[in-house]
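This is what each chain is made of:
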Amino acid sequence: KSPMAKKALAPLKKIAADCAEECKEKAEALKEAVELYKAAQREYRKGELEDLPRAPNPHDYQQPRYLLSDATTEAICDIQSKWSGGSLFVADELAALMGSMDRYSATGGKDQGFWLTAFDGGAYTVDRKGEGSSRRVENLSLGLIAGIQPVIAARMFSATGSNGFIERQMIAVARDRTLPDETA
């Protein structure tokens, strides 16, 4: 399964690598704009500045992230708040991804809800405690590609019940490999 996924993802990985430097520059520009805005806020509060400039908008500094892996839902929201073009989450093992859902949640259930929402796309807001911890994602657009062995899939899918997660996936099964002399 991994060699097939590697081959299928190769063109997207090349595109992602080609835009990496541009993304780095945009991230630095956004960081600088935020620092300048914070300095302007301090000056405004002291009365040294008559008008407060417009806060930097992350969408003015779009940072394409075509591929994601090994990321929490909060990290995905942070990335997608700066990129409205959608991303593909690549997990080598679907069973491991599903097993890690809600790992950092005391109450459980939020990661699966996130993935169910991500399937449909659209606006999504994450609110956490602390100043500046809210994130608005204009278009939560996330695809998923993962491998799983048929026996594990059957066991896992029957044990988890139906919350709509599996039903939203397109399952492709590769047939057993045959050697040329076996086809005759």
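Residues numbered from 1 in each chain as written. Predicted model: local features only at pLDDT ≥ 70, side-chain atom pairs only at ≥ 80, totals over all residues. Heavy atoms only, no water.

A. Structural context of the packing of aromatic side chains. In total, this model carries four aromatic pairs according to the counting rule given. Aromatic side chains Phe114 and Trp115 sit 5.9 Å apart centroid to centroid with 90° between the ring planes, which places their arrangement in the edge-to-face category. Here the two residues Phe114 and Trp115 agree in accessibility, since each one is buried. (Phe/Tyr/Trp six-rings, centres within 6.5 Å; stacked < 30°, edge-to-face > 60°. Buried < 20%, exposed > 50% of the residue type's maximum accessible area, 1.4 Å probe, protein only.)

B. The packing of helix H3 (residues 73-80) against helix H5 (residues 110-120), seen in detail. Where H3 meets H5, the closest approach of the two axes is 10 Å, and the angle between their N-to-C directions is 35°. Contacts between H3 and H5 involve Thr73, Glu74, Ile76 and Cys77 on the former and, on the latter, Lys110, Asp111, Phe114 and Trp115. Residues of the contact of H3 with H5, tallied by class, amount to four nonpolar, one polar and three charged. (Axes fitted to C-alpha atoms, helices over the stretch in contact; angles between N-to-C directions. Helix = DSSP H or I, 4+ residues; strand = E, 2+ residues; numbered from the N terminus. Contact = heavy atoms within 4.5 Å. Nonpolar A, V, L, I, M, F, W, Y, C, P; charged D, E, K, R; others polar.)

C. Focus on the environment of Ala20. Residue position: Ala20 is located in helix H2 (residues 20-46). Look at Ala20 and you get partly exposed, because its relative accessible area is 43%. Ala20 sits 43 residues away from Gln63 along the chain, and the two C-alpha atoms are 8.8 Å apart.

D. Molecular detail of the side chain of Ser87. Among the structural elements, Ser87 can be located in strand S2 (residues 87-93). With residues near it in sequence (within four places) discarded, Ser87 still touches Arg65, Tyr66, Leu68, Gln80, Ser141, Leu142 and Gly143.

E. Local environment of the sheet that holds strand S1 (residues 67-68). Strands sit in the order S1-S2-S5 across an open sheet of three strands; the sheet is parallel. Both edges of this open sheet fall to S1 and strand S5 (142-147), since each of them pairs with a single strand only. Bridge count between S1 and S2: two bridges; the pairing is parallel. Its bridge partner being in S2, Leu68 is matched across the sheet by Phe89. (Pairing = 2+ DSSP bridges.)

F. A look at the nonpolar core. Ranked by internal contacts, the top residues of the largest apolar core, which has 21 residues, are Phe89, Trp115, Leu142 and Phe165. The set of elements that each furnish at least two residues to this core consists of H3, S2, helix H4 (94-100) and H5. At four residues, H5 tops the list of elements feeding residues into this core. For Phe165, the contacting residues outside a window of four places in its chain are Leu94, Met98, Met101, Trp115, Leu116 and Leu144. (Core = buried A, V, L, I, M, F, W, Y, C linked by side-chain atoms within 4.5 Å.)

G. Representation of the state of the cysteines within the structure. Applying the stated criterion across every chain, the model contains zero disulfides. This cysteine, Cys23, is not joined by any disulfide, and Cys19 carries the nearest cysteine sulfur, 3.8 Å off. Residue class for Cys23 comes out buried when judged on its relative accessible area of 12%. (Disulfide = S-S within 2.5 Å.)

H. Representation of H5 in the model. If you check which residues of H5 are buried, you get Asp111, Phe114, Trp115, Leu116 and Ala118. On its buried side, H5 packs onto H3, S2, H4, strand S3 (124-126) and S5. Where H5 terminates, the next one or two residues include Gly121, which has phi positive at roughly 75°.

I. Representation of a positive patch on the surface in the model. A contiguous patch of positive charge, built from Lys38, Arg42, Arg45 and Lys46, is present on the exposed surface. Structurally, Arg42 can be placed in helix H2. (Patch = residues over 30% accessible without salt bridge, like charges linked within 9 Å, V, L, I, M, F, W, Y side chains within 5 Å. Areas by Shrake-Rupley, 256 points an atom, 1.4 Å probe, with all protein chains shown as cover. Salt bridge = Lys/Arg side-chain N within 4 Å of Asp/Glu carboxyl O. Lys, Arg positive; Asp, Glu negative; His and termini not counted. Charge placed at Lys NZ, Arg CZ, Asp CG, Glu CD.)

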